[in-house]
Amino acid sequence: QYLGAFDSTEWFDGSVGTFAQNDALACRVDKPCQVESVPRIVFDQLGLGIIVVFKPPGWEVDDDEKPPVGRRLTGFLQHTYPWSVVMRDGEHAYGIIHRLDLPSSGLILAGSTFEGYYHIKWQLDTGKIVREYVVLCHGWVSPSLQEINA
């Protein structure tokens, strides 16, 4: 029985692949939760310039607009892909397509090339990418609750 949270992402054009479950946060009844403390690349399609990176809690999907609070995900990506020009370009969000809050973990889509960046950005902008989120709650939630506005 899986009790953790994960973010799964699917591409409907079939050019990249499907991610069914992020296994980086593994919480099961028979063992305690273990969360990785450093990001890791879970998918790298060099020919297309598309990557998926697992972002653990405490790592910030940073930008130039404000000083970082947590460890910078851009620094990890720039170290991992020293040849990538887009990952050093603030006007292209350092190749990162979307954000996750500092305390959360999950999968981040990024381009290691301008072609890969625009390929997945186009898919996101045209509704071709679907996101699913599962949240682990502590305590009881009323079965009549339909929506949470936070």
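A. View of the pairing of strand β8 (residues 106–111). Burial of β8 is extensive: 6 of the 6 residues sit out of reach of the surface. Pairing analysis gives 6 bridges linking strand β5 (residues 50–55) to β8, with the strands arranged antiparallel. Directly across from Phe 54, in β8, lies its bridge partner Leu 107.

B. Just the layout of surface pockets, in detail. In this structure, the second largest pocket occupies an estimated 180 Å³ of space. Forming the walls of the second largest pocket are Val 61, Asp 62, Asp 63, Asp 64, Glu 65, Gly 90, Ala 93, Tyr 94, Ile 96, Ile 97, His 98 and Arg 99. For the lining of the second largest pocket, the class distribution of residues is 5 nonpolar, 2 polar and 5 charged.

C. Layout of unusual backbone geometry. For Ala 93, which is not a glycine, the phi torsion comes out positive at approximately 55°. Locating Ala 93 in the fold gives a position in the loop between α1 (73–80) and β8. Judged by its relative accessible area of 33%, Ala 93 falls in the partly exposed class. In this structure, Tyr 94 is a non-glycine residue whose phi angle is positive, near 55°. With respect to the element layout, Tyr 94 can be found in the loop between α1 and β8.

D. Region of interest: the environment of His 119. Within the element layout of this structure, His 119 appears in helix α2 (residues 114–125). The partly exposed category is assigned to His 119, whose relative accessible area is 27%. Distance from His 119 to Gly 49, taken between C-alpha atoms, is 8.9 Å for residues 70 residues apart in sequence.

E. Structural context of the sheet that holds strand β4 (residues 40–45). With respect to topology, 3 strands assemble into an open sheet ordered β4-β5-β8, the strand pairing being antiparallel. Edge positions in the open sheet fall to β4 and β8, since each of these has one partner strand only. Taken pair by pair, the neighbouring strands of this sheet meet at an average axis angle of 20°, ignoring direction. For β4 and β5, the ladder comprises 5 bridges, and the chain directions are antiparallel. Bridge pairing in β5 places Arg 40 opposite Phe 54. Contacting β4, β5 and β8, α1 runs over the sheet at an angle of about 135° to β5. Its contacts with the sheet place α2 against β5 and β8, and it is angled at close to 125° to β8.

Scoring rules and cut-offs
- Residues numbered from 1 in each chain as written.
- Predicted model: local features only at pLDDT ≥ 70, side-chain atom pairs only at ≥ 80, totals over all residues.
- Heavy atoms only, no water.
- Buried < 20%, exposed > 50% of the residue type's maximum accessible area, 1.4 Å probe, protein only.
- Helix = DSSP H or I, 4+ residues; strand = E, 2+ residues; numbered from the N terminus.
- Pairing = 2+ DSSP bridges.
- 1 Å grid on protein atoms, 1.4 Å probe; cavity = no way out; pocket = protein on both sides within 12 Å on 5 of 7 lines; lining within 4 Å.
- Points joined across faces, edges and corners; volume = space filled by probe spheres on them.
- Nonpolar A, V, L, I, M, F, W, Y, C, P; charged D, E, K, R; others polar.
- Axes fitted to C-alpha atoms, helices over the stretch in contact; angles between N-to-C directions.
- Contact = heavy atoms within 4.5 Å.

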